[in-house]
Amino acid sequence: MFKLKNLLLTITLFFSLVSSAQEFEYNYSFFSNSAMTGDYFFSKTTGSDGSFIKNVNGKLPVNDSVFHTPGNSLELNYRNAPGGKWQATLFRQEKRGMDHFTKAAFLTFWIRVTSGNDLPAVQLMRKDSSLTSAITISPVKAKTWQRVSIPMASMKDFDVNQPENCIAVVFSQKNNQENSENTIFIDDIVFLPKEKSEPVSVVPVILSATGFALHVDITWGKITDKNIQLVKIYRSEDGKLYKPVGIQQPYINRYADFAGISGKKFFYKISFLNSNFEETELSAGVSATTRQMTDDELLTMVQEASFRYYWEGAELTSGMAKENIPGRHNMIASGASGFGIMALIAGTERKFITREESVERFTKIVNFLEKAETFHGVFPHFMDGPSGKVETFFGKRDNGADLVETSFLLQGLLAARQYFSGTNPQEKLIRDKITAIWEKTEWDWFRQFPDSKFLYWHWSPDQGWVINHRLIGWNETMVTYLLAIASPTHAVPAAMYYSGWANQDSTGIKYRSNWGQTEDGSHYTNGNTYFGIKLDVGVSNGGPLFFTHYSYMGYDPHFITDKYTNYFFNNQNIALINYRYCVQNPKKYKGYGEAAWGLTASDGPFDYSADEPVAWQDCGKIAPTGAISSFPYTPTESMRALKNYYFNYGKFHRLFVQ
Ligand code: CA
């Protein structure tokens, strides 16, 4: 009896542990809105033998005035011809960390037939590009949005538990069609775990509306009702006629509505939708007025928004930064948390939050880190927030320490230790716990060999040095050597700065020329002139801009001068080379110029890439962080970019929230 009771207790504990660590599950969605107007990037159309589908350079047109969810839908304007075939493929945009999904029991989408009645066939595309059998859509009522719901259980060649095996939805002409012209609109294509959704009874309330130069930020309370799938935002110019302008995911409780004009009063209401798009009543209206802003106010606006990513977007148990949003809701990234800590300190100093709120958050962070899993005192790249255990997000070999991520985290923590200088017990506790974390970090273990010239990036508890990646500069990892040398408890010799980081023997030369695909800078020093600017240190012509950002959040580069250069001026030159490359724009990408520049590492339409100002590493992607994080080096050029991104590209912000 006693044993059984214990067993039951163990089982209960086990399941409560599992359920508390349950990752958020996304519905597997193919389309809700196109981030850009004109055409849908993740689509592809073909037509043959007299059959045709309207397209923009082989992609489906986007319609901004006809939509089921604001702000757009896909327009399928097609001509069927006997014996011909047209096809429109909608690829799913993968996002890093969106890898837990609900069951794909039903494929649902919304359709509006404007003209014609020959509806297309629907198929799913698997990872190997093969297609499932075709499904026929039953006739629908014209000129109104109708829901199509297809039970996946009927498809023998599709596993409802593995939605991620499906990479696209394909619409195409059915066989044996007569000549016909048809126009239909499609929106909100998603797999759902069940056909019907419970109604939502929560009454929506807008908590605040704040006007900025061209947009209004509105906020509402944190959503806990699991049946709420979306928040729908309505705008009015007169407080009477409200038009839908946007949707937001339920785990984000704010929306930036880009109204596009300064000095105008706008009114807002919101509603909640379940997965059938059944809508609650609308909230009461609130208003805000947009206003012209000075450069200083614009900067504060951007800084506060950046701060909020870490403040409002933090993982709940640890208070640390998620790898990305949307992404995994429980997983935190060590290095990003270091950057987040810097933002929290700045936000405290700028009074975006009170010092008491900040102390409370930092207490949570240090309490978490004190107990989190480390390897020789070094944190992993990714951790599960609820449990503090390593997450092998980058594969089985990366199941231990990450020295570089840890140094990004520690530079933040050491800045916090200095910032929280109060004599009260709460601030003293933060300082003491940071000191304990700092002092147990075994930098010297990461030499691998007693006389090693180099520090090594990773160590695994069961596979040792299997990744075997030496840290060799110049890149983002300078802070790792500087902290390792500065450690009060596990220091490495200062000589490793030159023997390892700035290594000039065959190991370093080979490493750099492999990654830079050039001999330029392969000896650590460079000495060449690019776009009229001399570069003292740097591989190729300087590399991605994040090299000039990450290490220097904790170390002011003005005060880092070695045998070869001063790193403020070297970083400034790298930023200017990057700027001039983008202005010259040798690959003639649309949008590049004096106000859109800064090649660096980021996710993008072709997944992650670390872009550089050289042709082979320039895929046409400008990440806002490139120019904006370079403000200390290039204030004029960075401000120009910030204004361009906000005033001219602000309306495309829906890219980031859906
Ligand atoms: Ca839509």
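Cut-offs and rules
- Residues numbered from 1 in each chain as written.
- Predicted model: local features only at pLDDT ≥ 70, side-chain atom pairs only at ≥ 80, totals over all residues.
- Heavy atoms only, no water.
- Pairing = 2+ DSSP bridges.
- Helix = DSSP H or I, 4+ residues; strand = E, 2+ residues; numbered from the N terminus.
- Axes fitted to C-alpha atoms, helices over the stretch in contact; angles between N-to-C directions.
- Core = buried A, V, L, I, M, F, W, Y, C linked by side-chain atoms within 4.5 Å.
- Buried < 20%, exposed > 50% of the residue type's maximum accessible area, 1.4 Å probe, protein only.
- Salt bridge = Lys/Arg side-chain N within 4 Å of Asp/Glu carboxyl O.
- Donors = N, O, S within 2.8 Å, 3.2 Å for Na, K, Ca; no water.

So, the sheet that holds strand E18 (residues 265-273)
Spatial ordering of the open sheet is given by E16-E15-E18-E19, a layout of 4 strands whose pairing is antiparallel. Two strands close off the open sheet at either side, each with one partner strand: strand E16 (242-248) and strand E19 (286-289). Strand after strand, the sheet turns through a mean of 35° between neighbouring axes, direction not considered. Bridge count between E18 and E19: 4 bridges; the pairing is antiparallel. Residue pairing across strands places Lys265 opposite Thr289, the latter belonging to E19.

Side note on the nonpolar core
Of all hydrophobic cores here, the largest spans 94 residues; its most connected members are Leu369, Leu455, Trp474, Met478, Tyr524 and Tyr567. Counting 40 residues, the second largest nonpolar core, distinct from the first, contains Leu90, Val148, Phe158 and Phe191.

Concerning the pattern of salt bridges
In the structure shown here, the tally under the stated rule is 19 salt bridges. In this structure, Asp295 engages Lys643 in a salt bridge whose closest nitrogen and oxygen atoms are separated by 2.8 Å. Within this pair, whereas Asp295 is found in helix H2 (residues 295-311), its partner Lys643 is found in helix H12 (residues 635-649), the two being separated by 348 residues in sequence. Between Lys428 and Asp432 there is a salt bridge; the shortest N-O distance is 2.8 Å. Within this pair, Lys428 and its partner Asp432 are both found in helix H6 (residues 425-439), separated by 4 residues, close to a single helical turn. Given a relative accessible area of 39%, Asp432 falls into the partly exposed group. When salt bridges with common partners are traced through the structure, they connect Asp217, Arg254, Arg308 and Glu312 into a single cluster.

Some thoughts on the coordination of the calcium ion
Those donors, Ser32 (O), Asn33 (OD1), Thr69 (O), Thr69 (OG1), Asn72 (O), Asp187 (OD) and Asp187 (OD), are the protein atoms that reach the calcium ion, and they lie 2.3 to 2.5 Å from it. Counting the intervening residues between successive donors of the calcium ion yields the motif S-N-x35-T-x2-N-x114-D. What makes Thr69 buried here is its relative accessible area of 1%. On the accessibility criterion, Asn72 (0% relative accessible area) is buried.

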